[in-house]
Amino acid sequence: MALSYERQPCPVCRGVEQEKVVEQNRLQVVRCRRCGQRFVSPTPSESVLAAIYDRSYYEGGHGPVGFSDYAALIPARRRMFTTHLDRLARLHRPGRLLDVGCATGDFLLVARERGWDPVGVDPSPAREQALAAGLRLAGRTIDDADIPAHSIDVITFWDVLEHLADPVAALRRATELLAEGGVVAATVPNAGSVVARLSGRRWFGYKTAGEHLQFFSPATLTRCFAAAGFEVAVRRPVAWNCTVGFLIDRAALYLGGPGRLAHAALRRSPLTGLVVAVPQVNQFVVARHASSAASMAA
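What counts as what
Residues numbered from 1 in each chain as written. Predicted model: local features only at pLDDT ≥ 70, side-chain atom pairs only at ≥ 80, totals over all residues. Heavy atoms only, no water. Phe/Tyr/Trp six-rings, centres within 6.5 Å; stacked < 30°, edge-to-face > 60°. Helix = DSSP H or I, 4+ residues; strand = E, 2+ residues; numbered from the N terminus. Buried < 20%, exposed > 50% of the residue type's maximum accessible area, 1.4 Å probe, protein only. Lys NZ or Arg CZ within 6 Å of the ring centre and 35° of its normal. Pairing = 2+ DSSP bridges. Axes fitted to C-alpha atoms, helices over the stretch in contact; angles between N-to-C directions. Contact = heavy atoms within 4.5 Å. Polar contact = N/O pair within 3.5 Å; in protein donor to acceptor, adjacent residues only side chain to side chain. Right-handed = clockwise from strand over helix to strand, strands pointing away.

## What about the packing of aromatic side chains?
Each aromatic ring pair is summarised here by two numbers: the centre-to-centre distance and the angle between the ring planes.
Here is step 1 of the chain: Within the structure shown, the criterion is met by 13 aromatic pairs.
Here is step 2 of the chain: On the numbers, 5.7 Å between centres and 85 degrees between planes, the contact of tyrosine 57 with phenylalanine 67 is edge-to-face. Residue tyrosine 57 is located in the loop between α1 (46-52) and α2 (74-89), and its partner phenylalanine 67 is located in the loop between α1 and α2; the two are separated by 10 residues in the primary sequence. Take tyrosine 57 and phenylalanine 67: they sit in the same class, and that class is buried.
Here is step 3 of the chain: Ring centres of tryptophan 203 and tyrosine 206 lie 5.1 Å apart, and the angle between their planes is 85 degrees; on these two criteria the pair is classed as edge-to-face. An identical accessibility class is assigned to tryptophan 203 and tyrosine 206; each is buried.
Here is step 4 of the chain: Directly above the aromatic system of tyrosine 70 lies the positively charged group of arginine 77, at a separation of 3.6 Å from the ring centroid.

Rendered as structure tokens:
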């Protein structure tokens, strides 16, 4: 299939000077010379991006993109989401919550159990499972969300901003929906981790190019929020919860022959369902709109 592209400046600072970092999945990852953000450029067309998130994204994947068995990760996601809510509870009491990119609705379920009033948006076929679970969806993306202005207390982007061609625009839209004193919380892969820095252009995160369009370091993530008018209140490296089976699958994709041997030997092991926390994989951020932060400080 031929790919069509539309060029764009740096999504964080709008700089136009770029240098190539690596090429993966027939796509080019570049680094902005002004702010350091790394991103896929040129950006794939909307039709190419939409094709990534078909049903097989959750039930087999496309090589290094997607999941061989998304449902098998439910226990891992629930544990991780519970930890996220524990962190949020230190900054905001339960209230109205919008989860952007809610997929099958696992976070919405956990949030509802914890006393939140949750609603989600998601453009993929996974939204059908969320609806079947009786969860409330308000649209496909934050842009078309049918939600009154300034009515949401917390907006979450769990592993979402890295999928967007224009994460700053999504965060600006969040400011229109946030109530006074509301916060945005997000996780993204940590492109500034020790592993990423030591791996350089061989970092495994680049293998998701196409699925992931942004590769945030701590500095560029903070700049992204600032560009949308937010002040970061919390930013910290956090673990990413998954199963041993997921790690075995990724080893087969990322580590060549040794990884494939490990996959063949261990894929039927009873340990594949064990939930593990892989440290330093993600960054966790909570931010307030600058005007709200200033009024609270006053």
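## Focus on the pairing of strand β12 (residues 275-289)
Here is step 1 of the chain: As defined by bridge partners, strand β9 (residues 178-189) adjoins β12 across 7 bridges and the pair is classed as antiparallel. Opposite valine 188, over in β12, you have glutamine 283 as the bridge partner.
Here is step 2 of the chain: Relative to β12, strand β11 (residues 230-243) runs antiparallel, the two being bridged by 12 bridges. Across the sheet, valine 234 pairs through a bridge with valine 286, a residue of β12.

## Examining the sheet that holds β9
Here is step 1 of the chain: As summarised here, the arrangement of the 6 strands in space is β7-β6-β8-β9-β12-β11, forming an open sheet in which the pairing is mixed. Bordering the open sheet on either side are β7 (117-121) and β11, each of which pairs with just one other strand. Across the sheet, the axes of successive neighbouring strands diverge by a mean angle of 20 degrees, strand direction being ignored.
Here is step 2 of the chain: Pairing of strand β6 (residues 96-100) with β7, which is carried by 5 bridges, proceeds in the parallel orientation. The residue bridging leucine 97 from the neighbouring strand is proline 118, located in β7.
Here is step 3 of the chain: In the packing of helix α3 (residues 106-113) onto the sheet, contacts are made with β6, β7 and β8 (152-158), and the angle to β7 comes to roughly 170 degrees.

## Some thoughts on the sheet that holds strand β4 (residues 38-40)
Here is step 1 of the chain: An order of β2-β3-β4-β10 is seen for the 4 strands of this open sheet, with the pairing classed as antiparallel. The strands lining the two open edges of the sheet, one partner per strand, are β2 (18-24) and β10 (214-215).
Here is step 2 of the chain: As paired strands, strand β3 (residues 27-32) and β4 are joined by 3 bridges and run antiparallel to one another. What sits directly across from valine 29, in β4, is valine 40.

## Some remarks on helix α5 (residues 167-177)
Here is step 1 of the chain: Along α5, the residues that are buried comprise Pro167, Val168, Ala170, Leu171, Arg173, Ala174 and Leu177.
Here is step 2 of the chain: Those residues of α5 that are buried lie in contact with β6, β8, β9, β10, α7 (218-227) and β11.

## Focus: the environment of glutamine 18
Here is step 1 of the chain: Checked against the element boundaries, glutamine 18 lands in strand β2.
Here is step 2 of the chain: Between the alpha carbons of glutamine 18 and valine 30 there is a distance of 6.0 Å; along the sequence they are 12 residues apart.
Here is step 3 of the chain: Non-local contacts of glutamine 18, meaning those with residues more than four positions away in its chain, are made with Gln8, Pro9, Cys10, Val30, Arg31, Arg33, Phe39 and Ser41.
Here is step 4 of the chain: Within the local environment of glutamine 18, its side chain forms a polar contact with the side chain of serine 41, the two groups lying 3.3 Å apart.

## Let's talk about the pairing of β8
Here is step 1 of the chain: Across the 7 residues of β8, 7 count as buried, placing the element largely inside the fold.
Here is step 2 of the chain: Two elements, β6 and β8, share 3 bridges in a ladder whose sense is parallel. If you follow leucine 97 over to β8, its bridge partner there is valine 154.
Here is step 3 of the chain: Across 6 bridges, the pairing between β8 and β9 is parallel. Each bridged residue has a counterpart across the sheet, and for valine 154 the counterpart in β9 is valine 183.
Here is step 4 of the chain: In terms of handedness, the path from β8 via α5 over to β9 forms a crossover that is right-handed.

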